[in-house]
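Chains, contacts and geometry: an overview
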Amino acid sequence: MPSPAKPAQIRVMRSQLGRARGAGSARSGADHWLAERISAAALIPLTIWFVFALISLLGADQPQVAAWAAHPLNAALLLALIAATFHHAQMGLQVVLEDYSHNHGFRTAAVLAIKAAAWLLAILAALSVAKLYLTAH
Amino acid sequence: MTDVRDALFVAKASDGRLIRRPVSPHLSIYRWPVTMLTSILNRATGIFLSVGTLLLVWWLAAAAAGPAPFARVQEFLISPLGLLLLLGWTASLSFHLLAGIRHLAWDLGYGFAKPGLNPVTWIVLAGTALATAAVWIAAYARLGG
């Protein structure tokens, strides 16, 4: 007695067109994911410190703020805050764009623009801290 | 021409008829659970905080530039728009911080048990309100009431 014909099995849950187009995992991205988490962990203490510092600086005038930022510990923590903040922000915004924007050209341009802006803003902020620190020392 | 992926949507109903496999419902179908709200809020607050870095940079650059530019930042910050933005950033930072800590716990493998999902979500939301209020009360007290 012949066995009944087996139904066709789908072994790959991905369309042939998708495979031909190279859709799916790029086999990289773990480093990006991990860097987002590491910067997030660093930002927990840095952010809490910064909020407390801002509260203590309320009502302070420019010389008082400059003196505060010129303290070596504060200057170092500010630079760390700037680096971690912009690193984290541009990675997060990149993921948002990659998730929701399906236009490859627009997405690439937007991600590059965000990275450029993050670099420039971080450099400007770091130069400001450096000026406050070096002026006072 | 039909999409080649349609071949993967072919299924059999219980009476043997060939049907197009239903796809899972999406945003417009579900009643929003609170976990869905906090999920999208984490992204929204992240985007809003990214914009807020402009203020951080302006504040630092003005402090480095001198008393007059710094006075302009201070003036902006106590304007109605400045205070509203500060309130928004305080709340966003509180939420993104608490939700971020929760995300890190998830990444370490903790906090996936179903019974705790909604209570912890409400704790994050309540913590956001508490932290925001605490910062503004501390600021108010700092300025001498």
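In this text, all values refer to a predicted model and were calculated from it rather than measured experimentally.

In terms of helices and strands, chain A carries five helices and zero strands. Each helix and strand of chain A, placed in order from N terminus to C terminus, yields the pattern α-α-α-α-α. In terms of principal-axis extent, the alpha carbons of chain A reach across some 95 × 30 × 25 Å. Within chain A, the proportion of its 137 residues that are buried is 18%. Within chain A, contacts between residues at least 6 apart in sequence are counted, and of these 74% link residues at least 24 apart.

Moving on to the interface of chain B and chain A. Taken residue by residue, the interface counts 28 residues in chain B and 30 residues in chain A. For the side of chain B that touches chain A, the secondary-structure elements that each account for two or more residues are helix 1 (34–65), helix 2 (67–77), helix 3 (80–107) and helix 4 (114–142) of chain B. With eleven residues, the top contributor of residues to the side of chain B that touches chain A is helix 1 of chain B.

Here we take up helix 4 of chain B. Compared with an ideal rise of 1.5 Å per residue, which puts 29 residues at 42 Å, helix 4 of chain B spans 42 Å between its outermost C-alpha atoms and is within 8% of the ideal. Count one or two residues on from helix 4 of chain B and you reach Gly144 of chain B, which has phi positive near 85 degrees.

Compared with an ideal rise of 1.5 Å per residue, which puts 33 residues at 48 Å, helix 5 (residues 104–136) of chain A spans 48 Å between its outermost C-alpha atoms and is within 8% of the ideal. Where the residues of helix 5 of chain A are buried, they touch helix 3 (62–70) and helix 4 (72–100) of chain A together with helix 1 of chain B.

Moving on, we get to the confidence of the model for chain B. This prediction gives chain B a mean pLDDT of 92; 98% of its residues lie at or above 70. Quick note on the complex model: pTM equals 0.83, ipTM equals 0.83.

Conventions adopted
Residues numbered from 1 in each chain as written. Chains lettered and ligands numbered in written order. Predicted model: local features only at pLDDT ≥ 70, side-chain atom pairs only at ≥ 80, totals over all residues. Helix = DSSP H or I, 4+ residues; strand = E, 2+ residues; numbered from the N terminus. Buried ≥ 20, exposed ≤ 12 C-beta atoms within 10 Å, placed from the backbone. Contact = placed C-beta atoms within 7 Å. Expected span 1.5 Å × (residues − 1). pLDDT = per-residue confidence, 0-100.

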